[in-house]
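# Structural overview for review
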Amino acid sequence: MYVTPFEFLLSGMLPVFLGPAITRCRLFTTVLWVTFVMWDTIGDHSGYHLPFLSSSEAHDYHHQNFNQCYGNFGLYDHLHGDDPDMLYVWYLSIYTYGLFWTLGGLFLTMDLTNRPKFMRKYKTQPGTHEPLEWERFKQLVKTVVFNQILLGFPVTYAAYHGDDPDMLYVWYLSIYTYGLYWTLGGLFLTMDLTNRPKFMRKYKTQPGTHEPLEWERFKQLVKTVVFNQIFLGFPVTYAAYHGSKMFITMPDVRVVPSLVEFLRDMIICILAWETSAYYSHRMFHSRRFYQRFHKLHHEWRAPVAVTGMYVTPFEFLLSGMLPVFLGPAITRCRLFTTVLWVTFVMWDTIGDHSGYHLPFLSSSEAHDYHHQNFNQCYGNFGLYDHLHGTNDEFRKRKQYQRDHRIFSFKSARELVPDK
């Protein structure tokens, strides 16, 4: 308290009693609070660093160097340091949007209140927004704040961090993967929800199903898939990436693989995916696992695009994420390859569950047949189904005759009729 009277009031008393004034806390709390403050103040200035008690090193360093360690606990010292990440991303964004609202707020206040009157003559379009309607103002604020918080901050953060491997392998890759999943899946879901366009109905693998898709089932589908992606997909990707960094060196994200390296890694990824997905899928159809873990997925006997991730958390991890990332883990492939690999996987997963057999695209007949019959066609490409005879029944059916890429605008049913 060896300070000037002005500092004693402004930096001594005001900060101490600001909290009790805001909270209107009880006398008991206030007594304990000032006891804590007095002890902390004495300790910080004591010149001693005693056993079992809080350290006085930081404030002592401040008295020696003047321009460091201004706070009591270091929170804002850390926040306001000269960390470039903090300055370029958060400070710059907060300053930009703060200035936007400060300046904009002056004009908005004039529009909302029509005050001061002498300013009205400067209106570019006299008579407009005199005053500004409250409902329009609320909608305006909501839209702008949404753009700033959910787009402005993340995009600034992402743009600044550029080619940081941690950012690219975890956040960019996850956002890209799930964004692509919902973008492609959303196109098919829109057709199922609206039954539009009509000419697309002939490409349905199971005609008459989900025409239209029931709204309640759609909501439950979205809720389950989003839960798996946010509460399992992101955290597991983060943990797996940072865990792997403890044992291996990640490849340089700036390097594009040679064609030979790219093809080699893609082939290994496909084989690893097919092998692990087939055997884990068969395991989930066993008596021990089906009821508990896999039955949820088979609620959709006629699947729709995003039902590939409509699974229990255990299946999402073991039969969803593990097979996809097993290949990249084995090959330690470059980011370029990984991005193309997950693009291929997302398209294949969406296509298999889409409920449509579209011209020029891969067939969904085999997996659709699996959802109808349960004990056939477990794999992605049929390699292990052929090896283990788990597509024997399928190969006797019309669906097998339709199970190929169509190079015309006729539907599979027009080319191979039921009768």
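For every chain, the first residue of its written sequence is number 1, and the numbers climb from 1 along that sequence. For this predicted model, a pLDDT threshold of at least 70 governs which residues receive local features, and a threshold of 80 or more governs which side-chain atom pairs are given and counted, while totals over whole chains, interfaces and linings are taken from all residues. Processing note: side-chain calculations cover all non-hydrogen atoms of the structure and skip hydrogens and water entirely.

## Comments concerning the overall build of the protein chain
In this description a helix means any DSSP run of H or I spanning at least four residues, a strand means any run of E spanning at least two, and both kinds are numbered starting from the N terminus. Of the regular secondary structure elements, the protein chain holds 16 helices and zero strands. Here the globule rule is a power law, 2.2 Å times the number of residues to the power 0.38, and the radius of gyration is based on C-alpha atoms. In terms of overall dimensions, the protein chain is more spread out than a globule: its C-alpha atoms have a radius of gyration of 31 Å, far above the 22 Å expected for 419 residues. The C-alpha extent of the protein chain, read off along each of the three principal axes, is 100 × 70 × 50 Å. Per-residue accessibility, obtained with a 1.4 Å probe over protein chains only, is compared with the maximum for each type, and a residue is labelled buried under 20%, exposed over 50%, and partly exposed between these values. Relative to its full complement of 419 residues, the protein chain shows a buried share of 36%. Partitioning the contacts of the protein chain with sequence separation of at least 6, the portion at a separation of at least 24 is 66%. Any two residues whose heavy atoms approach within 4.5 Å are treated as being in contact.

## Some remarks on the packing of aromatic side chains
Pairs were defined over the aromatic rings of Phe, Tyr and Trp, the Trp ring being its six-membered one, requiring ring centres within 6.5 Å. Orientation was assigned from the angle between planes: stacked under 30 degrees, edge-to-face over 60, tilted for the rest. All chains considered together, the criterion is met by 37 aromatic pairs. A ring pair is formed by Phe 36 and Phe 73, whose centres lie 6.3 Å apart and whose planes are at 25 degrees; its orientation type is stacked. With Phe 36 in helix α2 (residues 27-45) and Phe 73 in the loop between α3 (57-65) and α4 (75-79), the pair connects residues that are 37 residues apart, well separated along the chain. With relative accessibility at 40%, the residue Phe 36 sits in the partly exposed group. An aromatic cluster of at least three residues, connected via ring pairs, comprises Trp 90, Tyr 97, Phe 153 and Tyr 157. The ring of Trp 300 has Arg 217 lying over it, and the distance from NZ or CZ to the ring centre is 3.9 Å. Working rule: Lys NZ or Arg CZ, within 6 Å of ring centre, within 35 degrees of ring normal, means a charge sits over the ring.

## What about the nonpolar core?
Among buried residues, the Ala, Val, Leu, Ile, Met, Phe, Trp, Tyr and Cys ones that are joined through side-chain atoms within 4.5 Å form a nonpolar core. Ranked by internal contacts, the top residues of the largest apolar core, which has 38 residues, are Leu 221 and Trp 341. Contributing elements (two or more residues each) for this core: α7 (165-194), α8 (215-244), α9 (259-284), α11 (313-331) and α12 (335-353). In terms of residue count, α7 provides more of this core than any other element does, eight residues in total. Those residues in contact with Leu 221 that lie beyond four places of it in its chain are Leu 189, Trp 300, Val 304, Val 306, Thr 307 and Tyr 310. Counting residues in hydrophobic clusters, the runner-up holds six residues, among them Leu 168, Tyr 241, Val 253 and Leu 335.

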